[in-house]
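Below are the chains, spelled out letter by letter.
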Amino acid sequence: MSRAQWSTAVLRVFGDDLDPDEISALLGSRPSSSARKGDRQVIGTAGRIRILKTGRWSLHAVDSRPEDIEAQIFAILDGLTADMAVWRSLGERYQVDMFCGLFMDSGNDNLLLSSKALLALGQRGIELELDIYDPIEDESAEPH
């Protein structure tokens, strides 16, 4: 089996009363993107407006070609607080997950996460969400 073509990883924090500045202060990093509940978001080229139903704070790793989700996870976590009390508090107040997109090159690519990576996520109470995409015939049509 071969590794997937490429991967993306994003730490996400969601909550109705989420204050992005507070999350940044607690984690020790600015987000890649953030919003408060009720903020307006412009969608697509048509400029349609959506009112956000919950707050969010997201930190993106650099996309990896070929896939290296484990390195992306540690690139994110290593830049944030190691204080497990902060992580516990965040997990009690908000939904916290690590979203990982895996873009396959064939119908039988593999993904391996070490016990070290799984432990790092587990100690922080971070859920792992994997979104796995079938191979794409036309590489210029990569999903967004």
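Reading guide: rules and limits
Residues numbered from 1 in each chain as written. Predicted model: local features only at pLDDT ≥ 70, side-chain atom pairs only at ≥ 80, totals over all residues. Heavy atoms only, no water. Helix = DSSP H or I, 4+ residues; strand = E, 2+ residues; numbered from the N terminus. Buried < 20%, exposed > 50% of the residue type's maximum accessible area, 1.4 Å probe, protein only. Contact = heavy atoms within 4.5 Å. Areas by Shrake-Rupley, 256 points an atom, 1.4 Å probe, with all protein chains shown as cover. Lys, Arg positive; Asp, Glu negative; His and termini not counted. Charge placed at Lys NZ, Arg CZ, Asp CG, Glu CD. 1 Å grid on protein atoms, 1.4 Å probe; cavity = no way out; pocket = protein on both sides within 12 Å on 5 of 7 lines; lining within 4 Å. Points joined across faces, edges and corners; volume = space filled by probe spheres on them. Nonpolar A, V, L, I, M, F, W, Y, C, P; charged D, E, K, R; others polar. Polar contact = N/O pair within 3.5 Å; in protein donor to acceptor, adjacent residues only side chain to side chain. Pairing = 2+ DSSP bridges. Axes fitted to C-alpha atoms, helices over the stretch in contact; angles between N-to-C directions. Salt bridge = Lys/Arg side-chain N within 4 Å of Asp/Glu carboxyl O.

K.L.:
Any chance you could explain the overall build of the protein chain here in plain terms?
P.N.:
Helices and strands together make up the secondary structure of the protein chain, namely four helices and nine strands. In sequence order, the protein chain lays out its α and β elements as β-β-α-β-β-β-β-α-α-β-β-α-β. Counting only C-alpha atoms and orienting by the principal axes, one finds that the protein chain spans roughly 45 × 45 × 20 Å. Buried residues in the protein chain amount to 38% of all 144 residues. Of all intrachain contacts in the protein chain linking residues separated by at least 6 positions in sequence, the fraction that spans at least 24 positions is 75%. On the protein chain, roughly 8300 Å² of surface is accessible, and the fraction owed to carbon and sulfur atoms is 49%. Placing the 15 positive and 24 negative side-chain charges of the protein chain at their respective mean positions leaves the two points 9 Å apart.

K.L.:
I tried to follow the layout of surface pockets on my own but got confused; where do I start?
P.N.:
Where empty space is left can be seen by rolling a probe of water-molecule size over the atoms. One number sums up the size of the largest pocket: a volume of about 220 Å³. Around the largest pocket, the lining residues are Val10, Arg12, Phe14, Ser33, Arg56, Ser58, His60 and Phe99. Those elements that provide at least two residues to the lining of the largest pocket are β2 (6-15) and β6 (55-60). Tallied by class, the residues present in the lining of the largest pocket amount to three nonpolar, three polar and two charged.

K.L.:
Sorry, what's going on with the side chain of Glu67 here?
P.N.:
By secondary structure assignment, the location of Glu67 is in the loop between β6 and α2 (69-77). The exposure class assigned to Glu67 is buried, which follows from its relative accessible area of 5%. Among the polar contacts made by the side chain of Glu67, one reaches the main-chain amide nitrogen of Ile69 at a distance of 2.8 Å.

K.L.:
Any chance you could explain the sheet that holds strand β9 (residues 127-133) here in plain terms?
P.N.:
If you trace the five strands from one edge of the open sheet to the other, you get β3-β6-β2-β7-β9, paired in mixed fashion. Strand pairing shows two members of the sheet lacking a second neighbour, β3 (33-35) and β9, which therefore form its edges. Going from strand to strand, the sheet's axes swing by 20° on average, the running direction of each strand aside. Where β2 and β6 come together, six bridges link them in antiparallel fashion. Residue pairing in the sheet places Val13 in a bridge with Trp57 of β6.

K.L.:
Would you mind going over the pattern of salt bridges with me for this structure?
P.N.:
Between side chains of opposite charge, a pair can form when the charged atoms approach closely. Counted by the stated rule, this structure contains seven salt bridges. Across the pair Asp97 and Arg12 runs a salt bridge whose closest N-O atoms are separated by 2.8 Å. Placement of Asp97 in strand β7 (residues 95-103) and of Arg12 in strand β2 is noted, with a sequence separation of 85 residues between them. Judged by relative accessible area, Arg12 falls into the buried class, the value being 18%. Where Asp16 meets Lys37, a salt bridge forms, and the shortest distance between an N and an O atom there is 3.7 Å. Taken together, the residues Asp16 in the loop between β2 and α1 (20-27) and Lys37 in the loop between β3 and β4 (40-43) connect sequence positions 21 residues apart. When its relative accessible area of 49% is taken as the criterion, Asp16 is described as partly exposed. Among the ionic contacts, a cluster of salt bridges with common partners joins Asp19, Asp21, Arg30 and Arg36.

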